[in-house]
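Here is what each chain is made of, one letter per residue.
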Amino acid sequence: LVTRYALRGSAIIRIGPLMLNWLRKKAGFVPSANADRLLAAGVVAEKRGDLKEAVAKFREAAGIAPRYAAAHLNLGIGLEASGDAEGAIRCYETALELDPQEVFARYNLGKLLFSRGAPDRAAPLLRDALRLKPDFPDALVVLAAILGVLAWWPSWREKRVRISVLAWGSIVWDRRNLAII
């Protein structure tokens, strides 16, 4: 039986294991072993190609630990892969609210906003991601594409520049289309 002590105001109170577990669940920001296991199972399901199961696992992990940024980040990745862009945006924004230093949430949200035609909202996210993690080549590629769109076509909304995101790696330019391949 493990007993922990916590400082409350100027008094030290004794916290037993049941109370400690309740506090962890109530706070939510302490990832439980169950949430980590669900995230790992979701990643395995995603690698197998079973997005439905992966999203279910990620959603369950976010439900168990609602203040765990990694759960919301993984849920966003799963939702984006399954075609729910609005849900993915909400998850990435939640992950950033919970952990403002989360580089991958910034990158994924910026990439998604760019592919949905909002390079002006995506650029600051990718700049911040590169500020936090300067050796992040994928973020650099997407930011370069965004800056190219904003510089080459300042009136990109009026010209309805089509942005085709095929795969990440290099950028192919022409006057009508921008493809990141």
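Right above here is the structure, for reference.
The rules behind the values
- Residues numbered from 1 in each chain as written.
- Predicted model: local features only at pLDDT ≥ 70, side-chain atom pairs only at ≥ 80, totals over all residues.
- Heavy atoms only, no water.
- Axes fitted to C-alpha atoms, helices over the stretch in contact; angles between N-to-C directions.
- Helix = DSSP H or I, 4+ residues; strand = E, 2+ residues; numbered from the N terminus.
- Parallel < 35°, antiparallel > 145°, perpendicular 65-115°, else oblique.
- Left-handed = near helix turned anticlockwise from the far one by under 90°.
- Contact = heavy atoms within 4.5 Å.
- Nonpolar A, V, L, I, M, F, W, Y, C, P; charged D, E, K, R; others polar.
- Buried < 20%, exposed > 50% of the residue type's maximum accessible area, 1.4 Å probe, protein only.
- Core = buried A, V, L, I, M, F, W, Y, C linked by side-chain atoms within 4.5 Å.
- Salt bridge = Lys/Arg side-chain N within 4 Å of Asp/Glu carboxyl O.
- Expected span 1.5 Å × (residues − 1).
- Arc of directions from axis to C-beta.
- Lys, Arg positive; Asp, Glu negative; His and termini not counted.
- Polar contact = N/O pair within 3.5 Å; in protein donor to acceptor, adjacent residues only side chain to side chain.

**Q** Help me understand the packing of helix α4 (residues 69-81) against helix α6 (residues 103-115) in this model?
**A** Two numbers describe a pair of packed helices, the interaxial angle and the distance between the axes. Between α4 and α6, the least distance of the axes is 10 Å, while the angle of their chain directions is 25 degrees. What the angle tells us is that α4 and α6 run roughly parallel. Where α4 crosses over α6, the handedness of that crossing is left-handed. In this structure, α4 contributes Leu-73, Ile-77 and Glu-80 to the contact, and α6 contributes Phe-104, Ala-105, Asn-108, Lys-111 and Leu-112. Classifying every residue of the contact of α4 with α6 by side-chain character gives five nonpolar, one polar and two charged.

**Q** What's the story with the side chain of Asn-108 in this structure? I'm lost.
**A** Of note, Asn-108 is situated in helix α6. Accessibility expressed as a relative area gives 9% for Asn-108, which makes it buried. Setting aside anything within four residues of it in sequence, one finds Asn-108 in contact with Leu-73, Ile-77, Glu-80 and Tyr-92.

**Q** Can you walk me through the nonpolar core in this structure?
**A** For soluble globular proteins, nonpolar side chains are generally found buried alongside one another. Ranked by internal contacts, the top residues of the largest apolar core, which has 44 residues, are Leu-75, Leu-109, Leu-113, Phe-114, Leu-126 and Ile-146. Of all the elements in the fold, those that place two or more residues in this core are α2 (33-48), α3 (51-64), α4, α5 (85-98), α6, α7 (119-132) and α8 (137-152).

**Q** What am I meant to see in the pattern of salt bridges here?
**A** Oppositely charged side chains are able to pair whenever their charged atoms sit close together. Taken as a whole and judged by the stated rule, the model has eight salt bridges. For the salt bridge of Arg-106 with Asp-128, the shortest nitrogen-to-oxygen distance reads 3.5 Å. Placement of Arg-106 in helix α6 and of Asp-128 in helix α7 is noted, with a sequence separation of 22 residues between them. Overall, the relative accessible area of 12% leaves Arg-106 in the buried class. Accessibility expressed as a relative area gives 26% for Asp-128, which makes it partly exposed. Its salt-bridge partner being Lys-133, residue Asp-135 comes within 3.8 Å of it at the nearest N-O pair. Assessed through its relative accessible area of 57%, Asp-135 is described here as exposed. Residue class for Lys-133 comes out partly exposed when judged on its relative accessible area of 25%. Via salt bridges that share partners, Arg-48, Asp-50 and Glu-53 belong to a single interconnected network.

**Q** In this structure, what is going on with α2? I would like to understand it.
**A** For an α-helix, 3.6 residues make a turn, and residues three or four places apart therefore share a direction. Compared with the 22 Å implied by 1.5 Å per residue over 16 residues, the 23 Å span of α2 between its first and last C-alpha is a close match. Residues of α2 that are buried include every one of Ala-35, Leu-38, Leu-39, Gly-42 and Ala-45, and no others. Seen end-on, α2 carries its buried residues on one side only, within an arc spanning 125 degrees. Residues of α2 that are exposed and point more than 90 degrees away from the buried face comprise Arg-37, Lys-47 and Arg-48. Each element contacted by the buried residues of α2 is listed here: α3 and α4. Just downstream of α2 lies Gly-49, where phi reads positive at about 100 degrees.

**Q** Would you explain the side chain of Glu-102 in this entry?
**A** Note that Glu-102 resides in the loop between α5 and α6. There is no salt bridge for the buried Glu-102, and the closest opposite charge comes from Arg-106, which lies 8.5 Å off by N-O distance. At a separation of 3.1 Å, a polar atom in the side chain of Glu-102 contacts the main-chain amide nitrogen of Phe-104. Setting aside chain neighbours within four positions, we find Glu-102 in contact with Leu-73 and Leu-96.

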